[in-house]
Amino acid sequence: VAITAGIWTMTHQNDVPTSCCKVEGEGCGIGRANGTDTTINNEGCIMVAANFMEKRMVLSWVLLALFILIELGTILIAFILRNDPWLPDVLRCSNEQSEA
């Protein structure tokens, strides 16, 4: 990838890739590599991704905690129902066959 980027920068001295344009269009990045153009995204992809994740970190942790609580609750309910004497034999988890 570095070779491709190096070749691109040698052949496009004052240009930026079209993907850097805030509104992409044919030739929108030509001659815009001055660092002050407001129509070009000046942040790198890593910073944009890091900001995206940082803004949603709390939501991610909340969803993870909710998922874990639901899983633990499901396991707890399964253990309770396994030993419930009022549970019909059809639903009871048991190695013994009911005598009929």
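Above this text you will find the structure in question.
Quick notes on the rules
- Throughout, residues of each chain are indexed from 1 in the direction in which the sequence is written.
- Per-residue local features are limited, in this predicted model, to residues with pLDDT of at least 70; the limit for side-chain atom pairs, both in listing and counting, is 80 or more; totals at the level of whole chains, interfaces and linings are taken over all residues.
- Derived side-chain values reflect all non-hydrogen atoms in the structure, with water molecules and hydrogen atoms excluded from consideration.
- Counting from the N terminus, the helices are the DSSP runs of H or I reaching at least four residues and the strands are the DSSP runs of E reaching at least two.
- The definition of a polar contact used here is a pair of N or O atoms within 3.5 Å, where within protein one atom must be able to donate a hydrogen and the other to accept one, and adjacent residues in sequence count solely through side-chain atom pairs.
- Here, the term disulfide refers to a pair of cysteine sulfur atoms separated by no more than 2.5 Å.
- Exposure categories follow from relative accessible area, calculated using a 1.4 Å probe and restricted to protein chains: below 20% of the type maximum is buried, above 50% is exposed, and the middle band is partly exposed.

**Focus: the side chain of aspartate 15**
Tracing the backbone through its elements, the reader meets aspartate 15 in the loop between helix H1 (2-11) and helix H2 (45-55). Among the polar contacts made by the side chain of aspartate 15, one reaches the main-chain amide nitrogen of glycine 31 at a distance of 2.6 Å.

**A few points about the state of the cysteines**
Evaluated as defined, the whole model comprises one disulfide. Here cysteine 21 is linked by a disulfide to cysteine 28, with a sulfur-sulfur distance of 2.0 Å. The sign of the 105 degrees torsion about the S-S bond sets the cysteine 21-cysteine 28 disulfide as right-handed. Each member of the pair, cysteine 21 as well as cysteine 28, is classed as buried.

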